[in-house]
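Each chain is listed here by its residues.
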Amino acid sequence: MILPKIPSSEITPKSSYLNRRDFIKSTGLLAGSMLLSACGISSTSQTNPGAPTSNPSISLKTDELGSPVNKLEEIAGYNNFYEFSTDKESVAKLASGFSTNPWLVEVFGKVNNPGTYSVDDLEKRFKPEERIMRLRCVEAWSMVIPWVGFSLADLLSVVEPTSDAAYVRFETLYDPEVFPGQFDRRYPWPYQEGLRIDEAMHPLTTLATGLYGGELPAQNGGGIRLVVPWKYGFKSIKSITRIELVDYQPSTLWSSIAPNEYGFFANVNPEVDHPRWSQSTERRIGGFERIPTLPFNGYADQVASLYQGMDLQKNY
Ligand SMILES: Nc1nc2c(c(=O)[nH]1)N[C@H]1C(S)=C(S)[C@@H](COP(=O)(O)O)O[C@H]1N2
Ligand SMILES: [Mo]
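Caption draft 1: Summary view of the overall build of the protein. Across its full length, the protein holds nine helices and 12 strands. In the protein, which comprises 316 residues, the share counted as buried stands at 55%. For the protein, long-range pairs separated by at least 24 residues make up 69% of all intrachain contacts whose partners lie at least 6 apart in sequence. Total accessible area computed for the protein in this model is approximately 13700 Å², and 54% of it derives from carbon and sulfur atoms.

Have a look at this one:
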């Protein structure tokens, strides 16, 4: 099901905030709930707290392109989280003892109102909603994930970035006692990521605190993680404890290890291959066939204007 989208001509730098209804339309929740109501099943929004449940009606949900959401077992059973393991299928088990509640995140740097927030506090203030979005890993697999989250812009508007805040830097918890992977000296821990301030303020840029209407499993980045759906998955940093507003382009874990393979922008781009493999197609987890990879992971109409005038072959 394809719903009308906001033409990029309507998104100007100063008014780049979609309202809630437009966000929902553009990301497919409406498609999902229309489908559900057509079947006489009521839509399940994220009102049921507690552990994720596999509600059978949820399998009817799709993204705005009509692709069904992945199963909870797939989303919570196949993970990149190098702090635990480089083996995707071992992460969930290794993360099972990792306690993510309560969880604190510090927001500081070039802001008028620095502060430390608990995830509970953020959920009360910003009312997370279901956001069905595609996640496209740089390794050429993908999933459709029903996150529960809110726009990073909501939090930033509370801390008030100053005029010299040009980028946002994110850091994962550093604690080798809970993250055994952090004993591996080949990686510059803690995991770090960054966004330009306009990317960070885009309404699609999400802080996720849940999945499938429940809590965010530790292996998916609980207590709180970033989701930037038009960029390769490694930008969507997990288990964040520090968010710093800075006036320089921050270093990121992957671009510091292999700058020729992983750039700062990392926008999904089928035209720019990884030096070791093609990025023109991907495998949707749960299936076998390869499907075409879309520019900006299918969100071009909403985000391409952020990169006007930039050479996307160079700024990969
Ligand atoms: N802290 C941290 N964040 C991370 C990673 C990681 O290893 N550590 N892996 C990234 C990669 S490569 C991907 S594809 C996504 C995977 O998210 P998921 O396991 O929830 O699907 O998380 C990203 N965030
Ligand atoms: Mo990834």
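Caption draft 2: Here's a closer look at the sheet that holds strand 6 (residues 192–196). Strand order in the open sheet formed by five strands is 2-1-10-5-6, with mixed pairing between adjacent strands. Sheet topology places strand 2 (115–118) and strand 6 at the edges, where each strand pairs with a single neighbour. Pairwise comparison of adjacent strand axes, ignoring direction, gives a mean angle of 20° for this sheet. Sheet topology places strand 1 (residues 104–109) next to strand 2; four bridges connect them, and they run antiparallel. Within the sheet, the bridge partner assigned to Glu106 lies in strand 2 and is Thr116. Against the sheet, helix 5 (residues 119–126) contacts strand 1 and strand 2, and its axis sits at roughly 85° relative to strand 2. The sheet contacts of helix 6 (residues 152–159) involve strand 1, strand 2, strand 5 (167–172) and strand 10 (240–246), and relative to strand 2 the element is tilted by about 140°.

Caption draft 3: Region of interest: the confidence of the model for the protein. Taken residue by residue, the protein gives an average pLDDT of 87. The fraction at 70 or more is 81%. Across residues 1–21, where pLDDT falls below 50, the model places 38 contacts with residues more than four positions away in sequence or in other chains. Here residues 28–52 is a poorly scored stretch, pLDDT under 50, and it has 48 contacts once near neighbours within four places are set aside; other chains count.

Caption draft 4: Inspection of the pairing of strand 11 (residues 281–284) at higher detail. Here strand 11 shows a buried face lined by Glu282 and Arg284 and an unburied face lined by Thr281 and Arg283. Examined bridge by bridge, strand 4 (residues 141–151) and strand 11 share two bridges and lie parallel to one another. By the bridge assignment, Trp141 is partnered in strand 11 with Arg283. In this structure, strand 11 lies alongside strand 12 (residues 290–292), joined through three bridges in antiparallel fashion. Its bridge partner lying in strand 12, Arg283 is registered against Arg290.

Caption draft 5: Structural context of the nonpolar core. Ranked by internal contacts, the top residues of the largest apolar core, which has 79 residues, are Trp147, Leu155, Phe170, Leu226, Trp230 and Ile240. When residues of this core are assigned to their parent elements, the largest contribution, six residues, is made by strand 4. Residues in contact with Trp230, not counting those within four places in the same chain, are Glu199, His202, Leu204, Thr205, Asn267, Val268, Phe296, Asn297, Tyr299, Val303, Leu306 and Tyr307.

Caption draft 6: Representation of the packing of aromatic side chains. All told, the structure shown has 18 aromatic pairs when counted by the stated rule. With 5.6 Å between their ring centres and 15° between their planes, Phe296 and Tyr307 make a pair best called stacked. Taken together, the positions of Phe296 in the loop between strand 12 and helix 9 (300–303) and Tyr307 in the segment after helix 9 put the pair 11 residues apart, joining distant regions of the chain. For Tyr307, a relative accessible area of 2% puts it in the buried group. One aromatic cluster is present, built from ring pairs that chain together Tyr82, Tyr187, Trp189, Phe234, Trp254 and Tyr262. Here Lys235 stacks its cationic end above the ring of Phe264, 4.2 Å away from the centre of that ring.

Caption draft 7: Region of interest: the site of ligand 1. Close contacts around ligand 1 come from 17 residues, with Asn79, Tyr82, Glu83, Ser236 and Lys238 the closest. With respect to ligand 1, the side chain of Asn220 contributes an N or O atom lying 3.0 Å from an oxygen atom. Taking Ser236, its main chain carries an N or O atom lying 2.9 Å from a nitrogen atom of ligand 1. Here the residues of the shell around ligand 1 sort into eight nonpolar, six polar and three charged.

Caption draft 8: Focus on the environment of Val158. With respect to the secondary-structure elements, Val158 resides in helix 6. In the structure, Val158 is positioned 44 residues away from Pro114 in sequence and 9.1 Å away in space, judged by C-alpha atoms. With sequence-adjacent residues up to four places away left out, Val158 is seen in contact with Asn113, Tyr117, Arg125 and Phe126.

Caption draft 9: Representation of unusual backbone geometry within the structure. Here the bond from Trp189 into Pro190 is cis, since omega is 0°, no more than 30 degrees from zero. Structurally, Pro190 can be placed in the loop between strand 5 and strand 6. Across the junction of Gly222 and Gly223, the peptide omega takes the value -15°, indicating a cis bond. Along the polypeptide, Gly223 turns up in the loop between strand 8 (214–215) and strand 9 (225–227). Phi is positive for Glu160, which is not a glycine, with a value near 55°.

What counts as what
- Residues numbered from 1 in each chain as written.
- Chains lettered and ligands numbered in written order.
- Predicted model: local features only at pLDDT ≥ 70, side-chain atom pairs only at ≥ 80, totals over all residues.
- Heavy atoms only, no water.
- Helix = DSSP H or I, 4+ residues; strand = E, 2+ residues; numbered from the N terminus.
- Buried < 20%, exposed > 50% of the residue type's maximum accessible area, 1.4 Å probe, protein only.
- Contact = heavy atoms within 4.5 Å.
- Areas by Shrake-Rupley, 256 points an atom, 1.4 Å probe, with all protein chains shown as cover.
- Pairing = 2+ DSSP bridges.
- Axes fitted to C-alpha atoms, helices over the stretch in contact; angles between N-to-C directions.
- pLDDT = per-residue confidence, 0-100.
- Core = buried A, V, L, I, M, F, W, Y, C linked by side-chain atoms within 4.5 Å.
- Phe/Tyr/Trp six-rings, centres within 6.5 Å; stacked < 30°, edge-to-face > 60°.
- Lys NZ or Arg CZ within 6 Å of the ring centre and 35° of its normal.
- Near = heavy atom within 4 Å.
- Polar contact = N/O pair within 3.5 Å; in protein donor to acceptor, adjacent residues only side chain to side chain.
- Nonpolar A, V, L, I, M, F, W, Y, C, P; charged D, E, K, R; others polar.

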